[in-house]
Amino acid sequence: MKIVIAHPDPAAGERWCAELSPRLPQAQLATWPTDWTQADYAIAWKPADDFFTRLQIDRALFSAGAGVDHLLRLPALPAQLPIVRVENAGMGLQMVHYCALEALRVYRQDDAYAQQKADRRWFDRELESPARFTIGVFGLGVLGAQVAQALRDLGFTVIGHSRSPRSLPGIECYAGDAGLEPFLRRCQMLVLLAPHTSQTENLFDSHHLAMLPQGAWLVNAARGALVVETDLMLAIDSGHLAGATLDVFQTEPLPETHPFWVHPKIRITPHSAAATLIDETAEQIVGKISSLERGETVSGVVDRARGY
Ligand code: NAP
Ligand code: GLV
């Protein structure tokens, strides 16, 4: 069995090989670029555009992350090749920590207290019950459902939105186009955790951002392509939104000249909300390769028509 690992960071490629080889001692491993012209499987993160013009993959293409937008855009991607994504593998808990940190910072008025410290002003701010703070999670899949339930367990009122109807205990769920406006109208904090697809691209434009309540906070831990960045800036600068926490951007790395870097009401992290844990992910992928080799089906196969 031949497996190619394509990762833009050569050290990560080596790490993948070190995790895979003891688990699959019979496999031949190569990191991209390679002189191989054929392999059975590939594990890839943002591979080069010529990947499929130089290499034939016969069995399956594994995303090294939860998102698959970086693979679906590849030129010459074979139409019938199964694409399999990472399902959690330790990302859910990281995403819980990221979103809970932001929820607590906003709910506990952390920025205002930081300013008070700078001004040496001692007074406490009114704090309502967390149940009166409504957080909306857009995307209730593997990561969104875990985040929604963790935020609910912190005492917040949590609502969710997905493409198709979902049911989660203690969380009011909305779905589809019809559910979007009533969902957004309630979100004092909106957490984006849906994939980048043709349906979600630029969905959060001036029209939809205007549906959020005055003073809402946006957290984008999904993909930069979901948000129209100029519209977000206008929504914040006009005072409609209180601010945003952004982990992902239309262009990554975020260009040095981008106005988000210096905006006082925008918090930035460098696409680090939930990293791929290579050991846990290798374990998951090896399990799926073994199932495929036995002729079994695996979970996490991308529906190309849906885009995730
Ligand atoms: P998932 O299990 O496939 O869940 C995706 C969720 O989004 C599903 O609930 C899906 O609805 C919903 N969705 C899809 N299209 C929608 C639409 N048009 N309107 C409303 N909801 C829609 O994916 P996941 O593992 O939770 O990951 C979600 C995304 O997080 C990934 O695609 C990736 O882009 C991002 N991510 C970011 C980081 C980071 O570090 N920033 C790390 C990991 C992942 P249904 O339930 O109806 O299918
Ligand atoms: C990270 O962004 C991922 O999709 O895993």
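Quantities reported herein were computed from a predicted structural model and do not represent experimental measurements.

*Asks:* When you look at the overall build of the protein chain in this model, what are you seeing that I'm missing?
*Replies:* A count of helical and extended segments in the protein chain gives 10 helices and 12 strands. Considered along the principal axes of its C-alpha atoms, the protein chain spans approximately 65 × 40 × 35 Å. Buried residues in the protein chain amount to 48% of all 308 residues. Intrachain contacts of the protein chain at a sequence separation of at least 6 include 60% that bridge at least 24 residues.

*Asks:* Could you clarify how one ought to interpret the packing of aromatic side chains in this entry?
*Replies:* The geometry of an aromatic ring pair is captured by two quantities: the separation of the ring centres and the angle between the planes. Going through the model one piece at a time under the given rule, you end up with 9 aromatic pairs. Taken together, a centroid distance of 5.1 Å and an interplanar angle of 85° make the contact between Phe138 and Phe204 edge-to-face. Of this pair, Phe138 sits in strand E6 (residues 134–138) while Phe204 is found in the loop between strand E9 (189–192) and helix H8 (206–209), placing the two residues 66 residues apart along the sequence. Taken as a pair, Phe138 and Phe204 share a single burial class, namely buried. Between the NZ or CZ atom of Lys2 and the centre of the ring of Trp36, over which it lies, the distance is 4.6 Å. Positioned over the ring face of Tyr308 is Arg306, at 3.9 Å from the centre of the ring.

*Asks:* Teacher, can you tell me more about the site of ligand 1 here?
*Replies:* Around ligand 1, the surrounding shell holds 31 residues, and the nearest of these are Arg85, Ser164, Arg166, Asp247 and Tyr308. The backbone of Leu143 places a nitrogen or oxygen atom 2.9 Å from an oxygen atom of ligand 1. Take Arg223: an N or O atom from its side chain is 3.2 Å from an oxygen atom of ligand 1. Relative to its unbound accessible area of 940 Å², ligand 1 is 95% covered by the protein chains. For the shell around ligand 1, the secondary structure elements donating two or more residues are helix H4 (91–107), helix H6 (142–153) and strand E7 (157–162). No other element matches H6, which puts 3 residues into the shell around ligand 1. Residues belonging to the shell around ligand 1 are distributed by class as follows: 16 nonpolar, 10 polar and 5 charged. Mapped onto the domain boundaries, the shell around ligand 1 takes at least three residues apiece from domain 1 (2–89 + 276–293) and domain 2 (91–268).

*Asks:* Explain the packing of H4 against H6 to me, please; I cannot follow it from the model alone.
*Replies:* When two helices pack together, their arrangement is given by the angle between the helix axes and by the axis-to-axis distance. The N-to-C vectors of H4 and H6 enclose an angle of 45°; their axes lie 9 Å apart at closest approach. Judged on the interaxial angle alone, H6 and H4 are oblique. In this structure, H4 meets H6 at a crossing whose hand is right-handed. Counted together, Met91, Gly92, Leu93, Met95, Val96, Cys99, Ala100 and Ala103 of H4 and Leu143, Gln146, Val147, Ala150 and Leu151 of H6 form the full contact between these two elements.

*Asks:* What am I meant to see in the domain arrangement of the protein chain here?
*Replies:* By a widespread convention, an interface's size corresponds to the accessible area lost as its parts come together. Entries for the protein chain in the domain assignment read domain 1 (2–89 + 276–293) and domain 2 (91–268). On a C-alpha basis, the centres of domain 1 and domain 2 stand 32 Å from each other. Every contact between the two is made by 13 residues of domain 1 and, on the other side, 8 residues of domain 2. Carbon and sulfur atoms make up 48% of the surface buried where domain 1 meets domain 2, a total of about 770 Å² over both sides. Ranking the residues of domain 1 by area buried against domain 2 places Ala66, Asp69 and Asn88 at the top, with a combined share of 57%. Arg223 serves as the salt-bridge partner of Asp69, at 2.9 Å between the closest nitrogen and oxygen. Applying the counting rule to domain 1 against domain 2 returns 4 residue pairs in polar contact (both at pLDDT 80 or more). For the side of domain 1 that touches domain 2, the per-class residue count stands at 5 nonpolar, 4 polar and 4 charged.

*Asks:* Just to check I follow, could you spell out the sheet that holds E9 for this structure?
*Replies:* Pairing is parallel in the open sheet, where 7 strands are placed in the order E8-E7-E6-E9-E10-E11-E12. Each end of this open sheet is capped by a strand with a single partner; those strands are strand E8 (172–175) and strand E12 (266–268). Sheet twist, expressed as the average angle between the axes of neighbouring strands with direction ignored, equals 15°. Note: E9 against strand E10 (residues 216–220), 4 bridges, orientation parallel. Note that in E10 the partner of Leu192 across the bridge is Asn220. Its contacts with the sheet place H4 against E6, E9, E10, strand E11 (241–246) and E12, and it is angled at close to 165° to E9.

What counts and what doesn't
- Residues numbered from 1 in each chain as written.
- Chains lettered and ligands numbered in written order.
- Predicted model: local features only at pLDDT ≥ 70, side-chain atom pairs only at ≥ 80, totals over all residues.
- Heavy atoms only, no water.
- Helix = DSSP H or I, 4+ residues; strand = E, 2+ residues; numbered from the N terminus.
- Buried < 20%, exposed > 50% of the residue type's maximum accessible area, 1.4 Å probe, protein only.
- Contact = heavy atoms within 4.5 Å.
- Phe/Tyr/Trp six-rings, centres within 6.5 Å; stacked < 30°, edge-to-face > 60°.
- Lys NZ or Arg CZ within 6 Å of the ring centre and 35° of its normal.
- Near = heavy atom within 4 Å.
- Polar contact = N/O pair within 3.5 Å; in protein donor to acceptor, adjacent residues only side chain to side chain.
- Areas by Shrake-Rupley, 256 points an atom, 1.4 Å probe, with all protein chains shown as cover.
- Nonpolar A, V, L, I, M, F, W, Y, C, P; charged D, E, K, R; others polar.
- Domains from an automatic or database assignment.
- Axes fitted to C-alpha atoms, helices over the stretch in contact; angles between N-to-C directions.
- Parallel < 35°, antiparallel > 145°, perpendicular 65-115°, else oblique.
- Left-handed = near helix turned anticlockwise from the far one by under 90°.
- Buried area = accessible area lost by both parts, 1.4 Å probe.
- Salt bridge = Lys/Arg side-chain N within 4 Å of Asp/Glu carboxyl O.
- Pairing = 2+ DSSP bridges.

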